[in-house]
Amino acid sequence: MTASQAASSPDQPVSGGLCAIHQPNLFPRLTTLAKLSAADTWIVLDDVQFTRRDYQHRTRLAALTDPDRTRWLSIPTHLPQGRQTAIRDALIADPAAARRRTEAMVRQEYRTSPHWPVLQTALEPVWAAFDTGRTAAVAETSTRILLDLLGWPGRILTAAGLPARPERSQRLADLTAQAGAGTYLCGTGGMTYLDPAPFTARGITVAPFLPPAAGIWASARRVTSLWALAHLGPDGLAARVRLRRAPSRTDLHAQPSVRGRASTGSETLWDQAVGRRSGMTLSGVGPGSANADAPHRVAPAAPVP
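Residues numbered from 1 in each chain as written. Predicted model: local features only at pLDDT ≥ 70, side-chain atom pairs only at ≥ 80, totals over all residues. Heavy atoms only, no water.

## What about the overall build of the protein chain?
Along the protein chain, the regular secondary structure elements total 10 helices and 10 strands. Across the 305 residues of the protein chain, 56% fall into the buried class. Restricting to contacts in the protein chain with at least 6 residues of sequence separation, those with at least 24 account for 71%. (Helix = DSSP H or I, 4+ residues; strand = E, 2+ residues; numbered from the N terminus. Buried < 20%, exposed > 50% of the residue type's maximum accessible area, 1.4 Å probe, protein only. Contact = heavy atoms within 4.5 Å.)

In structure tokens form, the structure reads like this:
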């Protein structure tokens, strides 16, 4: 795996902070990248079943001048164990051809950006990762590089190296605990199935990640974050996602919180996501909430067009 500035798999976990657990995505969408950058630790979930036609091996490129004009970029992938193949074991069907095509499509879309020289240099490790022959290596490297461009100071762990129980919510809680984190940062999709009991048992807070929906965030759930980087540059995008020091667990519990839903301003989205599930302890932050500008990174900044 190509090295990045983000620390990878240290021997001892750092106590407290936020943890995000996510599969490696190819040039992830801005919502995914922002969630990872809001955390102190990203646990790469690469030992679960590979899913075809998902972001594990493809991404939607958006035209630099029009984010609504998109096309898919996919890495042809072979699954040695069929549908049971784990993400980390998926193989690139033709690494050399896939590299040429991927590099050419990215260059074609974003070479006219004033920020292209920086992006072009930064992406070299992604192209080199094709030599591993593994789709996950390319996807993870692409995410690492984008986090580096945002100046993310966090660390990266691999789920396969951490002991955890098999049931989904139990495993997420166990992985968060193994990382030494006090808070699990969860997207709204995850809240639809998350069981709060394993987190409560371990004293772990679950915080929803609620990105804005206007400005550059309007297309954030659909297209690769490469578009935002090419449009704004690394510094400009970093300002939008408001990278700053993650709070300690004490800081999080000092913030007003509720059980079962986020604070005022996020209630509608939260209620839709979790169906008013009871028993969940949250940090109570999100765009438009009373704590949206508090000194933590659970939610990005208010959108700036």
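## Quick word on helix 8 (residues 226-241)
Because an α-helix completes one turn every 3.6 residues, residues spaced three or four positions apart along the sequence face the same direction. Relative to the 22 Å expected for 16 residues at 1.5 Å per residue, helix 8 spans just 14 Å between its end C-alpha atoms, considerably shorter than the ideal helical length. Of all the bends in helix 8, the greatest reaches close to 105° and is centred on Gly233; the proline Pro234 follows between one and four positions later. A large share of helix 8 lies buried, amounting to 13 of its 16 residues. Directly after helix 8, the chain includes Arg242, whose backbone phi takes a positive value near 55°. (Expected span 1.5 Å × (residues − 1). Bend = angle between axes of the 7 residues up to and from the residue.)

## Observations regarding the nonpolar core
By size, the foremost hydrophobic cluster in this structure holds 55 residues, and its most contacted members are Phe27, Val106, Tyr110, Leu123, Val138 and Leu237. With 9 residues, the top contributor of residues to this core is helix 8. Every residue in contact with Leu123, bar those within four places of it in the chain, is listed here: Phe27, Val106, Trp116, Ile145 and Leu226. Membership of the second largest hydrophobic core comes to 19 residues, among which are Ile21, Leu157, Leu172 and Tyr184. (Core = buried A, V, L, I, M, F, W, Y, C linked by side-chain atoms within 4.5 Å.)

## Some details on the pattern of salt bridges
Counted under the stated rule, the structure contains 7 salt bridges. Between Glu109 and Arg71 there is a salt bridge whose closest N-O contact spans 2.7 Å. On the criterion of sequence distance, the pair formed by Glu109 in helix 2 (residues 95-110) and Arg71 in strand 5 (residues 66-74) is long-range, its members being 38 residues apart. The exposure class assigned to Glu109 is buried, which follows from its relative accessible area of 15%. Between Asp174 and Arg165 there is a salt bridge, with its nearest N and O atoms 2.8 Å apart. On the basis of relative accessibility, which here comes to 4%, the residue Asp174 falls in the buried class. It is possible to trace a salt-bridge network through shared partners that takes in Arg165, Asp174 and Arg202. (Salt bridge = Lys/Arg side-chain N within 4 Å of Asp/Glu carboxyl O.)

## Looking at the packing of aromatic side chains
Following the criterion strictly, the structure yields 3 aromatic pairs and no others. Both rings, one in Tyr55 and one in Trp72, keep their centres 6.0 Å apart while their planes meet at 45°; by these two values the pair is tilted. Remark: Trp72 occurs in strand 5 and Tyr55 occurs in the loop between strand 3 (41-44) and strand 4 (58-63); sequence separation between them is 17 residues. Since its relative accessible area comes to 17%, Tyr55 is described here as buried. Judged by its relative accessible area of 30%, Trp72 falls in the partly exposed class. On the numbers, 5.3 Å between centres and 25° between planes, the contact of Tyr184 with Phe199 is stacked. Placement of Tyr184 in strand 9 (residues 183-187) and of Phe199 in helix 7 (residues 197-201) is noted, with a sequence separation of 15 residues between them. The same class applies to Tyr184 and to Phe199, which are both buried. When the ring centre of Tyr55 is taken as reference, the NZ or CZ atom of Arg29 above it lies at 4.0 Å. (Phe/Tyr/Trp six-rings, centres within 6.5 Å; stacked < 30°, edge-to-face > 60°. Lys NZ or Arg CZ within 6 Å of the ring centre and 35° of its normal.)

## Quick look at helix 2
With 16 residues, helix 2 ought to run about 22 Å at 1.5 Å a step, and its terminal C-alpha atoms sit 22 Å apart, in line with that. Every buried residue of helix 2 is accounted for by Ala98, Thr102, Met105, Val106, Glu109 and Tyr110. Burial along helix 2 is one-sided: seen end-on, the buried residues are contained in an arc of 105°. Check the buried side of helix 2 and you find it contacts strand 4, strand 5, strand 7 (91-92), helix 3 (116-122), helix 4 (124-129) and helix 8. (Arc of directions from axis to C-beta.)

## Topic: the pairing of strand 2 (residues 18-22)
Within strand 2, 5 of the 5 residues are buried, leaving the element largely enclosed by the surrounding structure. Going residue by residue along strand 2, you find Leu18, Ala20 and His22 tucked away on one face and Cys19 and Ile21 tucked away on the opposite face as well. The pairing of strand 2 with strand 9 spans 2 bridges and is parallel. Paired with Leu18 across the bridge in strand 9 is Thr183. Handedness of the crossover joining strand 2 and strand 3 through helix 1 (residues 30-38) is recorded here as right-handed. (Pairing = 2+ DSSP bridges. Right-handed = clockwise from strand over helix to strand, strands pointing away.)

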